[in-house]
Amino acid sequence: MELNLRPLEKSDFTTLYRWLNAPHLKPFYMRDGISLETVLNKFSPRAGGGGDVNCVIATEDDQPFGYMQWYFNRTFPDYGAATIRRMAGVSIDYFIGDVNFLGRQLGSKMLDALVLQTCPNLVAQDRVFHIAHDDDNLSAIRCSTRAGFVADEAYVEKGRQSMLYVRCES
Ligand SMILES: CC(C)(COP(=O)(O)OP(=O)(O)OC[C@H]1O[C@@H](n2cnc3c(N)ncnc32)[C@H](O)[C@@H]1OP(=O)(O)O)[C@@H](O)C(=O)NCCC(=O)NCCS
């Protein structure tokens, strides 16, 4: 089984639309669902590696199963400075879209691969990776922890008790 990462492409949009409306994303990632039109508008500038948010599809033997996005904290000061209070480094959001791929710890594997692949392209002070989790998102906390992220600071986001997890690379 070979796990690979590649940039999001326009041909992924219908799959992404389906994934973003999957029931297992509702509790912590996409509470209200999303229309196909919004997916097209939001992700078109990001396809092929464009835009401020780097969108990545994870595949196993060329079969897409997961999505990750990463961005510099300083690019989104409302989040970086105001919410998590970290201007250096990058933040990551992620999910496994295809439910048939859940339960195999692939989340940790794709996260680890993203950190290792992204790191060489970052200057030293940006080699700090952040992931925020709601305290009730137990599978994601386990997943990020298994990928080497460590609980760093508690904070409140949209009224929810959350924790910032950090992985530092040299
Ligand atoms: C987070 C996510 C990627 C993990 O998927 P995965 O890699 O298939 O993870 P697994 O199902 O193997 O579970 C991870 C671990 O959590 C544990 N776990 C799952 N549900 C749990 C629960 N309710 N309580 C405690 N532990 C739980 C599993 O036992 C597993 O432990 P292990 O690593 O010791 O085997 C997936 O659940 C997901 O896409 N969630 C929705 C999106 C999301 O919340 N993203 C994170 C926010 S950025």
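The structure reproduced in this document is the subject of the present report. Quick caveat: nothing in here was measured; it's all calculated off a predicted structure.

With that out of the way, let us pick up the overall build of the protein chain. The helix and strand inventory of the protein chain stands at 5 helices and 7 strands. For 170 residues, the compact-globule estimate of 2.2 N^0.38 gives 15 Å, and the C-alpha radius of gyration of the protein chain, at 15 Å, lies within 12% of that figure. Structurally, the protein chain occupies a C-alpha span of about 35 × 35 × 30 Å along its principal axes. A burial count over the protein chain gives 26% of its 170 residues as buried. Residue pairs in contact within the protein chain that sit at least 24 positions apart in sequence constitute 62% of those at least 6 positions apart.

Another aspect to go through is the site of the ligand. Near the ligand you find 23 residues, and of these F95, G107, L138, S139 and R142 are the closest. Listed by contribution, the elements that provide at least two residues to the shell around the ligand are β4 (90-96), α4 (106-118) and α5 (138-146). A per-element tally of the shell around the ligand places α5 first, with 6 residues. Looking at the shell around the ligand residue by residue, the classes come out as 11 nonpolar, 8 polar and 4 charged.

With that settled, consider the nonpolar core. Core analysis: the biggest nonpolar cluster contains 30 residues, and V56, A58, Y67, M68, I92, Y94 and L114 have the highest contact counts within it. Secondary-structure elements contributing two or more residues to this core are α1 (13-20), β2 (54-60), β3 (63-72), β4, α4, β5 (128-134), α5 and β7 (160-168). Considering every element that reaches this core, the biggest residue donor is β4, with 5 residues. Those residues within four positions of L114 in sequence are excluded, and the remaining contacts are L5, V56, M68, W70 and I92.

Time to look at the environment of N4. Relative to the helices and strands, N4 resides in strand β1 (residues 3-7). Sequence separation between N4 and N121 is 117 residues, and the spatial gap between their C-alpha atoms is 18 Å.

Glancing now at the packing of α1 against helix α2 (residues 36-43). Contact geometry of α1 with α2 gives a least axis separation of 10 Å together with a crossing angle of 120°. With respect to α2, the axis of α1 lies oblique. Note that α1 runs across α2; the crossing there is right-handed. Facing α1, whose interface residues are F13, L16, Y17 and L20, α2 presents L36, V39, L40 and F43. Here the contact of α1 with α2 is built from residues that sort into 8 nonpolar, no polar and no charged.

Another point: α1. Those residues of α1 that sit buried are L16, W19 and L20. Viewed end-on, α1 has its buried residues packed into an arc of 95°, placing them on one side of the element. On its buried face, α1 sits against α2 and β3.

Now for unusual backbone geometry. A positive phi is found at D61, a non-glycine position, where the angle reads about 50°. Structurally, the position occupied by D61 is in the loop between β2 and β3.

Here we come to the sheet that holds β5. Read across the sheet, 7 strands follow the order β1-β2-β3-β4-β5-β7-β6 without closing on themselves; strand pairing throughout is mixed. A strand with exactly one partner marks an edge of an open sheet, and here the two such strands are β1 and β6 (150-157). Within the sheet, the average angular offset between the axes of one strand and its neighbour, ignoring direction, is 30°. In terms of strand pairing, β6 meets β7 through 7 bridges, oriented antiparallel. Along β7, the bridge assignment pairs A151 with Y165.

Turning our eyes to something else, we now look at α5. Here α5 has its buried residues at A140, C143 and S144. On an axial view of α5, the arc spanned by its buried residues comes to 95°, and they lie on one face. Two residues or fewer past α5, G148 is found with a positive phi of approximately 95°.

Reading guide: rules and limits
- Residues numbered from 1 in each chain as written.
- Predicted model: local features only at pLDDT ≥ 70, side-chain atom pairs only at ≥ 80, totals over all residues.
- Helix = DSSP H or I, 4+ residues; strand = E, 2+ residues; numbered from the N terminus.
- Rg over C-alpha atoms; globule rule 2.2 N^0.38 Å.
- Buried ≥ 20, exposed ≤ 12 C-beta atoms within 10 Å, placed from the backbone.
- Contact = placed C-beta atoms within 7 Å.
- Near = placed C-beta within 6 Å.
- Nonpolar A, V, L, I, M, F, W, Y, C, P; charged D, E, K, R; others polar.
- Core = buried A, V, L, I, M, F, W, Y, C linked by C-beta atoms within 7 Å.
- Axes fitted to C-alpha atoms, helices over the stretch in contact; angles between N-to-C directions.
- Parallel < 35°, antiparallel > 145°, perpendicular 65-115°, else oblique.
- Left-handed = near helix turned anticlockwise from the far one by under 90°.
- Arc of directions from axis to C-beta.
- Pairing = 2+ DSSP bridges.

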